[in-house]
Structures are given as structure tokens and as C-alpha cells.
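# Descriptive structure summary
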Amino acid sequence: MTVETDFAPLTDELLYERRGAIAILTFNRPEARNAMTWAMYQALYDACEHVDQDDRVRVLVLRGAGDKAFVAGTRRGGAQAHDRDDPRLRRGRRREHRPRL
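So, how was this worked out
The numbers attached to residues start from 1 for each chain and follow its sequence in the written order. The model is predicted, so local features are restricted to residues of pLDDT at least 70 and side-chain atom pairs to those at 80 or more, both for listing and for counting; the totals for chains, interfaces and linings are taken over all residues. Neither water nor hydrogens contribute to the side-chain values; these are computed over all heavy atoms in the structure. To qualify as a helix, a DSSP run of H or I must reach at least 4 residues; to qualify as a strand, a run of E must reach at least 2; elements of each kind are numbered from the N terminus. Under the scheme applied here, a residue whose accessible area is under 20% of the maximum for its type counts as buried, over 50% as exposed, and between as partly exposed, the area being computed with a 1.4 Å probe on protein chains only. Pairs of residues are marked as contacts when any of their non-hydrogen atoms sit within 4.5 Å. Only the protein chains shown count as cover for residues, and all accessible areas are computed by the Shrake-Rupley method using a 1.4 Å probe. A pair of strands is treated as paired once DSSP finds two or more bridges between them. Residues forming no salt bridge and having over 30% relative accessible area are the ones grouped into patches, like charges within 9 Å of each other and nonpolar side chains (Val, Leu, Ile, Met, Phe, Trp, Tyr) within 5 Å. Each salt bridge in this description consists of a side-chain nitrogen of Lys or Arg and a carboxyl oxygen of Asp or Glu lying within 4 Å of one another. In plain words, nonpolar cores are sets of buried Ala, Val, Leu, Ile, Met, Phe, Trp, Tyr and Cys residues tied together by side-chain atoms within 4.5 Å. pLDDT is a per-residue confidence score from the predictor, ranging from 0 to 100.

### Here we look at the overall build of the chain
Along the chain, the regular secondary structure elements total two helices and four strands. Its helices and strands in sequence order give the chain the pattern β-β-β-α-β-α, from N to C terminus. The proportion of buried residues among the 101 residues of the chain is 28%. Sequence separation of 24 or more characterises 58% of the internal contacts of the chain that already satisfy a separation of 6 or more. As presented, the chain carries roughly 7,700 Å² of accessible surface, and 48% of it is formed by carbon and sulfur atoms.

See the structure below:
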């Protein structure tokens, strides 16, 4: 089967390939157990948008590089700077009231 790379994430930390109707997105930070960076979050969003627009793709497979973890979460220390910049992600934001049962 032919491997096609008709989409390129803007970071080397995510790898994209398409094999026929199967798109494969690999989180590529095995040294950090594939902990997500903000560039990876943006690239994941971009890849999903691309796949959604590509009628050739029937399934998107997400996988992690290496043999230690699929994705370990967000890179330590990477959230604080972003939280200050994005009011939607600030700590202490107001939450919806949810009744307790």
C-alpha cells in the first residue's frame, strides 16, 4: 500500500501519513513519553480539520511513538504560560453549577 503525506503538521512532534482510506497521526516525543506541547495540540486540531475535509479518509488512527506511553498528558510547565494568555483556560474560572445527587 502506498504511503502518502499530503498533509504536514507544523511541528515535527506529530507525524501524519495516509495509507488509502486510513490516516495515521503519531505523537512523536518518545523521550518525554509523548507529553503534549501546545504546538502538538494545535497540530492535532489542524490534522483533525484536514481529515474532516479529506473525503478519501475513512478512519484516523492516533498512536504514540516509542514503547513507554501513548500520551502522558501535557508537558510540565507548558500550561502556565498559556493559561495566562487565554482567558478560557485561566485557573479559578467560573464553573457551571451542577446539582449534587
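There's more to say after this.
### Comments concerning the pairing of strand S2 (residues 14-19)
Bridging between S2 and strand S3 (residues 22-27) involves six bridges; their strand directions are antiparallel. In the sheet register, Tyr-16 faces S3, and the bridge partner there is Leu-25. Between S2 and S3, which follow one another and run antiparallel, lie two residues, and Gly-20 among them has a positive phi close to 65°.

### Some remarks on a nonpolar patch on the surface
Taken together, the side chains of Ile-22, Val-59 and Val-61 present a nonpolar region at the surface, about 200 Å² in accessible area. Following the sequence through the fold, Ile-22 ends up in strand S3. On the basis of relative accessibility, which here comes to 37%, the residue Ile-22 falls in the partly exposed class.

### Topic: unusual backbone geometry
Backbone geometry at Arg-33 places phi at a positive 55°, although glycine is not the residue there. Its identity is not glycine, yet Asn-34 carries a phi of approximately 60°, on the positive side. Relative to the helices and strands, Asn-34 is located in the loop between S3 and helix H1 (38-53). On the basis of relative accessible area, Asn-34 is assigned to the buried category, the value being 0%.

### Overview of the nonpolar core
A general tendency of soluble globular proteins is for nonpolar side chains to be buried together. Within the largest apolar cluster, 13 residues are counted, with the highest numbers of intra-cluster contacts made by Leu-14, Tyr-16, Leu-25, Phe-27 and Leu-44. If one sorts the elements of this core by residue count, H1 sits on top with five residues.

### Regarding the confidence of the model for the chain
In low-pLDDT regions, the fine details of the predicted coordinates are not to be read closely. The predicted model of the chain averages 82 in pLDDT, with 72% of residues at 70 or higher. No element of the chain has a lower mean pLDDT than helix H2 (residues 78-85), which averages 50, and none a higher one than strand S4 (residues 59-64), which averages 97.

### Some thoughts on the pattern of salt bridges
Evaluation of the coordinates by the stated rule reveals six salt bridges. A salt bridge links Arg-29 to Glu-13, with the shortest nitrogen-to-oxygen separation between them at 3.8 Å. In this pair, Arg-29 is assigned in the loop between S3 and H1 and Glu-13 in the loop between strand S1 (3-4) and S2, connecting sequence segments 16 residues apart. A salt bridge links Arg-18 to Asp-54; the shortest N-O distance between them is 4.0 Å. On the criterion of sequence distance, the pair formed by Arg-18 in strand S2 and Asp-54 in the loop between H1 and S4 is long-range, its members being 36 residues apart. Like Asp-54, Arg-18 is buried. Sharing partners across several salt bridges, the network here consists of Asp-6, Arg-18, Asp-54 and Arg-56.

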